[in-house]
Amino acid sequence: MPELPEVEAVRRYLEPYVMHQQIARVYLRRADLRSPFPRGFRRRLEGQTVDSVMRRAKYLLVTLSSRDTLLMHLGMSGSFRVDGPEDASLDGGDYPAGPGLHDHVVFRMASGAVVTFNDPRRFGSMDLLTPVQLARHPVLSRLGPEPLSSAFDAATLARACTGKKVSLKLALLDQRVVAGLGNIYASEALHVAGLSPFRRASIIATLSGAPRDSAVRLMRAIKRVLAQAIDRQIRDSRSSRFRVYDREGERCPRAGCAGIIARRSQAGRSTFYCPVCQK
DNA sequence: ATTGAGACCTGTCGGC
DNA sequence: TGCCGACAGGTCTCAA
């Protein structure tokens, strides 16, 4: 489930359990996720205290007293759960009696809380970066603006789309354009903005330096869709339903629109949209 | 440089 | 019920 709102919800869930807490032990139940764990992963984590739990795009960043940063990505199917001290029967031995299927990494905090990373598809990743590695990270350093920050405005979005020949949908999936949207919220934002996913991204581009109406609408739609999704994640963790995503054949939710939600594939991924009100 | 296609891995769901 | 293929919310790499 992890696009920006879901990752943000995970961040807020984990924070109270790990912030200012010491990592007592780390259990690796395999040698890799999408890529191998870095050398000395466990040794460099055990004994450290967590200074902060941050999110950038779909990445979680846990900074440590050693100045290293634990960089984590949930991939498609990654999730965390925390079991309280009362559930933890980990004394001494290996983790634990009867770990769940796909429980790949377990952090036992000095408080007794047990933080477990589960990821059936193993598209997730964990890396441990020195400050220099963090500053020069090939992916992080190229990410576009955080969509909910003031740094993300219509002019920025328009500039990022200038000269782009890909469709709007694909542009929104490009993490260098804006960081944190995935397949669901790209469709959702385009519907709110009333823009067709198939138009060239360059229709958003600046017009003699000034952002166009469509850029303003899309920027606002992105912020609104993500903010509402985070809200929903926090309030009820029931998997939320969407305006267009996974609603092929249903009525368009826009007031006064009689369209039927359609689905088409773009770059091998499903796009959901209303052919009537998205121009 | 940009773009599209394929790969990574497992689980689930619909059709037969 | 059981098998089989298609598909799933994300990146990364490679070739055109």
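Residues numbered from 1 in each chain as written. Chains lettered and ligands numbered in written order. Predicted model: local features only at pLDDT ≥ 70, side-chain atom pairs only at ≥ 80, totals over all residues. Heavy atoms only, no water.

**Q** Sorry if this is basic, but what is going on with the sheet that holds strand β8 (residues 125–129) here?
**A** By definition, the strands of a sheet pair up through backbone hydrogen bonds, in either a parallel or an antiparallel sense. Spatially, β2-β3-β4-β8 is the arrangement adopted by the four strands of the open sheet, whose pairing is antiparallel. In this open sheet, the two edge strands, each paired with only one partner strand, are β2 (50–56) and β8. Here the average twist between neighbouring strands, direction ignored, is 20°. Of the strand pairs in this sheet, strand β3 (residues 59–64) and strand β4 (residues 69–73) are connected by five bridges, and their pairing is antiparallel. Looking across to β4, one finds that Y59 is bridged to H73. Running at roughly 170° to β2, helix α1 (residues 4–18) makes contact with β2 and β3 of the sheet. (Pairing = 2+ DSSP bridges. Helix = DSSP H or I, 4+ residues; strand = E, 2+ residues; numbered from the N terminus. Axes fitted to C-alpha atoms, helices over the stretch in contact; angles between N-to-C directions. Contact = heavy atoms within 4.5 Å.)

**Q** How should the packing of aromatic side chains be read in this particular structure?
**A** Aromatic ring pairs are defined here through the distance separating the ring centres and the angle between the ring planes. Summed over all chains, the structure comprises seven aromatic pairs. Seen from their ring centres, Y13 and Y17 are 5.8 Å apart, and the 65° between their planes marks the pair as edge-to-face. Residue Y13 and its partner Y17 are located together in helix α1, separated by four residues, close to a single helical turn. A relative accessible area of 34% means that Y17 is categorised as partly exposed. Pairwise contacts between aromatic rings join Y185, F242, Y245 and F272 into one cluster. Positioned over the ring face of F198 is R264, at 3.8 Å from the centre of the ring. (Phe/Tyr/Trp six-rings, centres within 6.5 Å; stacked < 30°, edge-to-face > 60°. Buried < 20%, exposed > 50% of the residue type's maximum accessible area, 1.4 Å probe, protein only. Lys NZ or Arg CZ within 6 Å of the ring centre and 35° of its normal.)

**Q** I tried to follow the side chain of Q175 on my own but got confused; where do I start?
**A** The residue Q175 is located in the loop between α5 (168–173) and α6 (183–193) in this model. Within the structure, the side chain of Q175 is placed 3.1 Å from the backbone oxygen of L173, a separation counted as a polar contact. Contact partners of Q175, with chain neighbours within four places excluded, come to A57, K58, L143, G144, G180 and L181. (Polar contact = N/O pair within 3.5 Å; in protein donor to acceptor, adjacent residues only side chain to side chain.)

**Q** Got a minute to help me understand the domain arrangement of chain A in this structure?
**A** The extent of an interface is frequently quoted as the accessible surface area lost upon association of the parts. Here the domain parsing of chain A yields domain 1 (4–142) and domain 2 (154–273). Each partner contributes residues to the interface: domain 1 has 10 residues there, and domain 2 has 12 residues. Counting each side, the surface lost to burial between domain 1 and domain 2 is near 960 Å², with a carbon and sulfur contribution of 68%. If you sort the residues of domain 1 by the area they bury against domain 2, L4, P5 and K58 come out on top, with a joint share of 45%. At the junction of domain 1 and domain 2, the tally comes to zero salt bridges. Counting the contacts that link domain 1 with domain 2 gives four residue pairs in polar contact (both at pLDDT 80 or more). A total of six residues in the side of domain 1 that touches domain 2 trace back to one element, the largest contributor, which is α1. (Domains from an automatic or database assignment. Buried area = accessible area lost by both parts, 1.4 Å probe. Salt bridge = Lys/Arg side-chain N within 4 Å of Asp/Glu carboxyl O.)

**Q** What exactly am I supposed to notice about the nonpolar core here?
**A** General note: in soluble globular proteins, nonpolar side chains tend to be found buried as a group. Counting 33 residues, the largest nonpolar core has L157, L172, Y185, I204, L218 and I222 as the members making the most contacts within it. Elements represented by at least two residues in this core include exactly α4 (154–161), α5, α6 and α7 (213–235). In terms of residues, this core owes the most to one element, α7, which gives nine residues. Ignoring sequence-local partners within four residues, the contact set of L172 consists of V178, L181, A186, L190, L218 and I222. Counting residues in hydrophobic clusters, the runner-up holds 28 residues, among them V10, L45, L70 and L74. (Core = buried A, V, L, I, M, F, W, Y, C linked by side-chain atoms within 4.5 Å.)

**Q** Just to check I follow, could you spell out the protein's contact with DNA strand B for this structure?
**A** The environment of DNA strand B is made up of L101, H102, P120, R121, R122, F123, K164, K165, V166 and L170. Restricting attention to atoms of DNA strand B within 4 Å of the protein, one finds that 70% of them are sugar or phosphate atoms. Take H102: an N or O atom from its side chain is 2.4 Å from a phosphate oxygen of DNA strand B. Here a phosphate oxygen of DNA strand B sits 2.7 Å away from a polar atom, N or O, in the main chain of K165. Taken together, the residues that form the surface near DNA strand B break down as five nonpolar, one polar and four charged. (Near = heavy atom within 4 Å. Nonpolar A, V, L, I, M, F, W, Y, C, P; charged D, E, K, R; others polar.)

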